[in-house]
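In case you want the letters, here they are:
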Amino acid sequence: MIIPRIKIVLKKFFRNKLNYIICLLIAFCFSFSIMISSLTYSAKEYYENDIFNFVSYRIFSISNPQNKESLIKTLNNMPEIESVFDSYGYMSPWELPSFYNYFSDTKTPSIWLLGIGGSIDANNNQKINLTNKLEMVCPSMYIPYTQNGVPIKDKEIDLTSYVGKTLTIKYIDSNNPKEYEVKLVGLYDNDKIGKNYDMCYMNYQALEKINKEVLNLPKTNIYYELKNIIYEESVTNKLQNIGYYPDPVIFLNRMPAIDSLNMLVYISYGIFGVVAIIILALVYYKILKDKENNMLNKLLGYSNKNSLFNYVIDALLLFIFSIILLFVFVFLLLKIFKVIIPKYYTSFKNIPLLISYSSLIKTICLIFILSLLLNIIIFIFGQKREKHNV
Amino acid sequence: MSAIKIKNISKEYGTKNKKVHALDNITKEFQYGKFYLITGHSGSGKTTLLKIMGLVDNETKGEIFIKDKDVAKLSVKEKAEIRNKEIGFIFQEFYLDKYLTALENVTIPMLINKKYKDYSEIKKRSTDLLKQVGLESRIKHFPKELSGGEQERVAIARALANNPDIILADEPTGNLDIANEEYVFEYLKKLSEEGKCIIMVSHSKDALKYADEVIELKEGKLL
Ligand SMILES: Nc1ncnc2c1ncn2[C@@H]1O[C@H](COP(=O)(O)OP(=O)(O)OP(=O)(O)O)[C@@H](O)[C@H]1O
Ligand SMILES: [Mg+2]
């Protein structure tokens, strides 16, 4: 008679509104916490795999190495390193005479050039391999002027129509103002890296060649580009062991988006705490209500095993129903968060919101344990109270 | 074979300083086919006696035999089985399960009785029992949709579910009007005539007419 007994427990479960409230509250508070950990998870994923892996963050430099030749040899032998170059890059800006008087002021828009060894992640998921010809990749949002270090947004130049064409660059502080024709082979999304609104990338050999022509300075910096940002620490450690101290070419304030989440995390803890208290109160109320039922079952000849069976089925129902509601809530919150989060947390504008499956699975396990525990507590309480009241 | 035999039963409640002697050295035999009425003032120990005989509470001293079986030698599980199959309870304080319909309430004791192999059998028997107590039109009603008298009759049907030989009823008509009360007494009387042992606690004067034997309790003692 297992099936009819399960059916009875099922009927009782769904006819008791208290169960709905408990399930709703459990689903609500856990779905909220899932969303918060998903946000953190999304931001982490994004920064780890996306931003930090962007070419700028993979380039490190070592200034004034004692033994340049042996350092280059060592670096070339490291499997984590994509390319090594000895460069003048990143020195002074190059003017773009094509944009002279672009903003009807006297200043000429300029760019910084950085020489790189490997490929660059350009827009539309393109990987552009820069050859040692005069080619460069520039930011899709090019802003040549800054004010106190902040780019002046309304001074943006849209370079989209220049892709595939050549631009003239001119070295500024030199008594030998040479000009070069450089082909713009692509644009990269500088929104990903925030600050570099006027940084263009060129193959380091090509850049080295033109730098030599305009400046002819002794080389002082060795640059190396990692294959992946995850090798940063291991390479840095190896180099420090042999007495070299590399610096990243571009620093990024790590995970600003995650820091900005702290507020939301506290809110979620708050909701969690309040809801937990409400659930406790409801459970206590349920215990009182079930007391009568427990005695009734005993009176009608239900053994402990029989009663426990009913409670376990009840726990499973509580679990399944909470999980269904949890999925509904997560789905709805995901929709809401996708609208709200980019509005109030601008650092999340470009971050795709992903559900953290590990936290989802953890939560499901937690709810399972919780519903089982809840019913076992009710069962034990019921047993105790019978002694005095029946 | 007697239905229930109790020997020198005593029951004390409370701690050392605050003791209540609810029952004091009671010896009695209850036979099949008889209708027993237990009377006495409030607090004289009537409910306590029924609970002990129904194996829902433990005696402090004494022996109990149900169908000549010594209860002291039974396991918890065996006691539960006796409560399920041999004894029917109609206790005023144990209402129906409010989330179940009249029919579902009556099926509860049968669901754990291995005698029934098929749910349709249980359903049929429950319907028959409800019919017998005149509730064929109330089968799908929830307790809150039934009157007090109707609820009491559902409880009687439930007590009879596993066709027990012993019925223990604690003030089954406490909240009922005279017409309903008469119905319940007559029904219990009919059951005793069919060979069951009926033990009922009641304050009602009319109950005396139906009883084969009246047992009076006073401060936990038999009079
Ligand atoms: N759980 C308990 N703990 C302590 N004392 C109890 C308990 N149950 C009953 N008593 C006491 O035992 C005595 C007998 O109680 P019982 O319920 O058997 O009386 P009763 O004859 O059924 O009374 P009534 O007619 O009012 O129902 C009373 O004095 C009561 O206070
Ligand atoms: Mg009483």
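Scroll up a little and you will see the structure.
Throughout what follows, the structure given in this document is the object of discussion. (Residues numbered from 1 in each chain as written. Chains lettered and ligands numbered in written order. Predicted model: local features only at pLDDT ≥ 70, side-chain atom pairs only at ≥ 80, totals over all residues. Heavy atoms only, no water.)

1. So, the overall build of chain B
Short version of the rule: The secondary structure listing takes helices from DSSP runs of H or I that are at least 4 residues long and strands from runs of E that are at least 2 residues long, numbered from the N terminus. Note on classification: 1.4 Å probe, protein chains only; a residue is buried when its accessible area is under 20% of the maximum for its type, exposed when over 50%, partly exposed between these limits. Any two residues whose heavy atoms approach within 4.5 Å are treated as being in contact. Per-residue and other accessible areas were derived by the Shrake-Rupley procedure at a 1.4 Å probe size, with only the shown protein chains allowed to occlude residues.
Looking only at helices and strands, one finds 7 helices and 10 strands in chain B. The proportion of buried residues among the 223 residues of chain B is 54%. In chain B, of all internal contacts separated by at least 6 residues, the share reaching a separation of at least 24 is 73%. About 10400 Å² of surface is accessible on chain B, with carbon and sulfur atoms providing 48% of the total.

2. A closer look at the interface of chain B and chain A
As a reminder of what qualifies: The quantity reported as buried area is the accessible area (1.4 Å probe) lost by two parts once they are put together, taken as the sum for both. Salt bridges are defined by distance alone: a side-chain nitrogen of Lys or Arg within 4 Å of a carboxyl oxygen of Asp or Glu. Think of a polar contact as two N or O atoms within 3.5 Å of one another; within protein, one of them needs to be a possible hydrogen donor and the other a possible acceptor, and neighboring residues in sequence only count if both atoms come from side chains.
Residue-level contacts link 29 residues of chain B with 22 residues of chain A. In total, chain B and chain A occlude about 2500 Å² of area from one another, counting both sides; carbon and sulfur atoms represent 65% of this. Seen at the junction of chain B and chain A, the total is 3 salt bridges. In this structure, glutamate 104 of chain B engages lysine 11 of chain A in a salt bridge whose closest nitrogen and oxygen atoms are separated by 3.0 Å. The tally of links from chain B across to chain A stands at 8 residue pairs in polar contact (both at pLDDT 80 or more). No other element matches the 5 residues that helix α3 (residues 102–111) of chain B contributes to the side of chain B that touches chain A.

3. Here we look at the side chain of aspartate 97 of chain B
Inspection of the secondary structure puts aspartate 97 of chain B in the loop between β6 (87–91) and α3. A distance of 2.6 Å separates polar atoms of two side chains, one belonging to aspartate 97 of chain B and the other to lysine 12 of chain A.

4. Describing the environment of isoleucine 81 of chain A
Within the secondary structure, isoleucine 81 of chain A is located in strand β2 (residues 81–86). Considered as a pair, isoleucine 81 of chain A and glutamate 225 of chain A are 144 residues apart in the sequence and their alpha carbons are 5.9 Å apart.

5. Overview of the site of ligand 1
The test is simple: We call a residue near a molecule or strand when any one of its heavy atoms sits within 4 Å of it. Throughout this entry, Asp, Glu, Lys and Arg are counted as charged residues, while Ala, Val, Leu, Ile, Met, Phe, Trp, Tyr, Cys and Pro are counted as nonpolar. The remaining residues, Gly among them, count as polar.
Taken together, 14 residues are adjacent to ligand 1, and Ser42, Gly43, Lys46, Thr47 and Thr48 of chain B come closest. Chains contributing residues to the immediate surroundings of ligand 1 are chains A and B. Residue threonine 48 of chain B places a side-chain N or O atom 2.5 Å away from an oxygen atom belonging to ligand 1. For ligand 1, an oxygen atom lies 3.3 Å from a polar atom in the side chain of histidine 203 of chain B. In the complex, 63% of the free accessible area of ligand 1, which totals 640 Å², lies under the protein chains. Residue assignment for the shell around ligand 1 shows that the elements contributing at least two residues are β2 (20–30) and α1 (46–53) of chain B. Class assignment for the residues of the shell around ligand 1 results in 3 nonpolar, 9 polar and 2 charged.

6. Concerning the sheet that holds strand β4 (residues 61–66) of chain B
Within a sheet, neighbouring strands are paired by backbone hydrogen bonds and run either parallel or antiparallel to one another. Residue and element names in this part refer to chain B. Worth spelling out the cut-off: DSSP bridges decide pairing: two strands pair if at least two such bridges lie between them. Interaxial angles span 0 to 180 degrees and are taken between N-to-C directions of axes, which are lines fitted to C-alpha atoms, for helices over the stretch in contact.
The strand order across the open sheet built from 4 strands is β2-β1-β4-β5, with neighbouring strands paired in antiparallel fashion. Looking along the sheet, the strands with just one partner apiece sit at the ends: β2 and β5 (69–70). As paired strands, β4 and β5 are joined by 2 bridges and run antiparallel to one another. Each bridged residue has a counterpart across the sheet, and for phenylalanine 65 the counterpart in β5 is aspartate 70. The sheet strands contacting α1 are β1 (4–13), β2 and β4, and the helix crosses β1 at an angle near 125°.

7. A closer look at helix α4 (residues 204–214) of chain A
Residue and element names in this part refer to chain A. Turning to α4, its buried residues number three or more, namely Tyr204, Ala206, Leu207, Glu208, Ile210, Asn211 and Val214. Of the surrounding secondary structure, the elements contacted by the buried residues of α4 are β2, β3 (94–95), β4 (110–116), β12 (166–171), β13 (179–188) and β14 (199–203). Put simply, asparagine 203 is the residue that caps the front of α4, since its side-chain oxygen is 2.8 Å from the backbone nitrogen of glutamine 205.

8. Considering the environment of lysine 165 of chain A
Residue and element names in this part refer to chain A. In this fold, lysine 165 is placed in the loop between β11 (157–158) and β12. Sequence spacing of lysine 165 and glutamate 181 is 16 residues, and the spatial spacing of their C-alpha atoms is 9.6 Å. Not counting chain neighbours up to four residues away, the residues in contact with lysine 165 comprise Val182, Lys183 and Leu184. Engagement of the side chain of lysine 165 in a polar contact is seen with the backbone oxygen of serine 161, the distance being 3.1 Å.

9. So, the nonpolar core
Soluble, globular proteins show a tendency: their nonpolar side chains are buried together. This is how the line gets drawn: As used here, the term nonpolar core means buried Ala, Val, Leu, Ile, Met, Phe, Trp, Tyr and Cys residues forming a set that is joined through side-chain atoms within 4.5 Å.
In this structure, Ile90, Leu130, Val154, Leu188 and Met200 of chain B are the most contacted members of the largest nonpolar core, which totals 44 residues. Those elements that provide at least two residues to this core are β3 (35–40), α3, α4 (119–132), α5 (148–159), β7 (166–170), α6 (178–193), β8 (197–201) and α7 (207–210) of chain B. If you tally residues by element for this core, the top one is α3 of chain B, at 6 residues. Ignoring anything within four residues of it in the chain, the contact list for isoleucine 90 of chain B reads Glu152, Ala155, Ile156, Ala159, Ile167, Leu168, Ala169, Asp170, Pro172 and Leu188 of chain B. Cys29, Phe32, Leu318 and Leu353 of chain A belong to the second-largest nonpolar core, a separate cluster that totals 43 residues.

10. Comments concerning α6 of chain B
Applicable threshold: For a helix, the expected span equals 1.5 Å multiplied by the residue count minus one.
Compared with an ideal rise of 1.5 Å per residue, which puts 16 residues at 22 Å, α6 of chain B spans 22 Å between its outermost C-alpha atoms and is within 8% of the ideal. One or two positions beyond α6 of chain B, positive phi appears at glycine 195 of chain B, with a value near 110°.

11. A word on the pattern of salt bridges
Scanning the entire structure with this criterion turns up 16 salt bridges over all chains. Between aspartate 97 of chain B and lysine 12 of chain A there is a salt bridge; the shortest N-O distance is 2.6 Å. Of this pair, aspartate 97 of chain B sits in the loop between β6 and α3 while lysine 12 of chain A sits in helix α1 (residues 2–15), which puts the two residues in different chains. Of the residues examined, aspartate 97 of chain B reaches a relative accessible area of 7% and is grouped as buried. Here arginine 138 of chain B ties to glutamate 150 of chain B by a salt bridge, and the two come within 3.3 Å at their closest N and O atoms. Residue arginine 138 of chain B is located in the loop between α4 and α5, and its partner glutamate 150 of chain B is located in helix α5; the two are separated by 12 residues in the primary sequence. A residue is classified by how much of its surface remains accessible, and arginine 138 of chain B, at 28% relative accessible area, is partly exposed.

12. A few points about the packing of aromatic side chains
So the rule is basically this: Centre distance within 6.5 Å is the pairing criterion for rings of Phe, Tyr and Trp, where only the six-membered ring of Trp is used; planes under 30 degrees apart are then read as stacked, over 60 as edge-to-face, and the remainder as tilted. Geometrically, a charge over a ring is one whose NZ (Lys) or CZ (Arg) sits within 6 Å of the ring centre while staying within 35 degrees of the ring normal.
What the rule picks out here adds up to 22 aromatic pairs over all chains. With centroids separated by 6.2 Å and ring planes inclined at 90°, the aromatic side chains of phenylalanine 13 of chain A and phenylalanine 321 of chain A adopt a geometry described as edge-to-face. Of this pair, phenylalanine 13 of chain A sits in helix α1 while phenylalanine 321 of chain A sits in helix α8 (residues 304–344), and the two are 308 residues apart along the sequence. Put simply, the rings of Phe13, Phe14, Tyr20 and Phe321 of chain A pair up and form one aromatic cluster. The positively charged end of lysine 144 of chain B is found above the aromatic ring belonging to phenylalanine 142 of chain B, 5.9 Å away from the centroid.

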